[in-house]
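Below, each chain spelled out in residue letters.
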Amino acid sequence: MANCALTQDYSFQCDVGVGGTKEVYLIELENISSYTESSGTLTAITKVSGKIFRKYQLVLETANFEENITGNRQNGTLFYPQKGTIIINKQNVAVRNEILLLAKNRLVAVIKDNNLTYRLFGREYGLMLQTGNATTGVAWGDRNGYSLEFTGNELELAPFVLDAVIATLQT
């Protein structure tokens, strides 16, 4: 187990953070050519020529991305289920048509949390639009829109993404 040796201590920090996801960039898994990684941080994402990530701005305090560490000692397995939920307010035909396309693809998501940190979900196996709903609401103050839940499984926790890489996602 030499290659599984622990490498660092952890001490409490003065850092404070907040929850929530600010925006998400989505692309089809097959449109990623390669990643360049250094110590858990992506320093480059290479896309198929002409392909771009699509940016979804999210309403404050409505989106969440999470991952769980899931191991089974008896079976000798370890993997990381990932899940993300986004809310899109106001139903319209353009969003409806895009949701149909999201549901037909395996996706890669770069998320920006409210601490302005970026991470990549669905790196190797992609995320699927697993469930969702469209609701008109009942009362005037209710949401008219969509709730979309993406799920996937990966072999590692989601890597962080350098800020400099974000500028290349939509070019």
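Our subject is the structure listed above.
Residues numbered from 1 in each chain as written. Predicted model: local features only at pLDDT ≥ 70, side-chain atom pairs only at ≥ 80, totals over all residues. Heavy atoms only, no water.

Draft legend 1. Seen up close, the overall build of the chain. Looking only at helices and strands, the chain has 2 helices and 12 strands in total. Counted from the first residue to the last, the chain has its helices and strands arranged as β-β-β-β-β-β-β-α-β-β-β-β-β-α. Dimensions of the chain, computed from the C-alpha atoms along their principal axes, are close to 60 × 40 × 40 Å. Taking the contacts inside the chain whose residues are at least 6 apart along the sequence as the reference set, 69% of them involve residues at least 24 apart. Taken as a whole, the chain presents about 11,100 Å² of accessible surface, with 51% of it coming from carbon and sulfur. (Helix = DSSP H or I, 4+ residues; strand = E, 2+ residues; numbered from the N terminus. Contact = heavy atoms within 4.5 Å. Areas by Shrake-Rupley, 256 points an atom, 1.4 Å probe, with all protein chains shown as cover.)

Draft legend 2. Examining the nonpolar core more closely. Grouped together as the largest cluster of nonpolar side chains are 21 residues, with contacts concentrated most on V24, F65, I86, L102, A109, L148 and F150. Among the secondary structure elements, those contributing two or more residues to this core are β1 (21-28), β7 (77-89), α1 (93-103), β8 (107-113) and β11 (145-154). Excluding residues within four positions of it along the chain, F65 makes contact with T21, V24, K83, G84, I86, A109, I111, F121 and L127. Core analysis: the second largest hydrophobic core is formed by 16 residues, L29, I45, F53 and L120 among them. (Core = buried A, V, L, I, M, F, W, Y, C linked by side-chain atoms within 4.5 Å. Buried < 20%, exposed > 50% of the residue type's maximum accessible area, 1.4 Å probe, protein only.)

Draft legend 3. The arrangement of the environment of V18 in detail. Along the chain, the position of V18 falls in the segment before β1. As a C-alpha pair, V18 and D113 span 95 residues in sequence and 8.6 Å in three-dimensional space.

Draft legend 4. Local environment of the pattern of salt bridges. Evaluation of the coordinates by the stated rule reveals 4 salt bridges. In this structure, E37 engages R123 in a salt bridge whose closest nitrogen and oxygen atoms are separated by 2.5 Å. Taken as a pair, E37 in strand β2 (residues 32-38) and R123 in the loop between β9 (118-121) and β10 (128-135) lie far apart in primary sequence, 86 residues in all. Taking relative accessible area as the criterion, E37 reaches 33% and is therefore assigned partly exposed. According to the relative accessible area criterion, R123 is buried, its value standing at 16%. When the shortest N-O distance is used, the salt bridge between E67 and R119 registers 2.8 Å. A residue pair is termed long-range when its members are at least 10 positions apart, and E67 in strand β5 (residues 64-67) and R119 in strand β9 qualify at 52 residues. Looking at E67, the relative accessible area reads 16%, which means it is buried. Under the relative-accessibility criterion, R119 is labelled buried at 18%. Bridged by salt links that share partners, the residues E37, R123 and E124 form one connected network. (Salt bridge = Lys/Arg side-chain N within 4 Å of Asp/Glu carboxyl O.)

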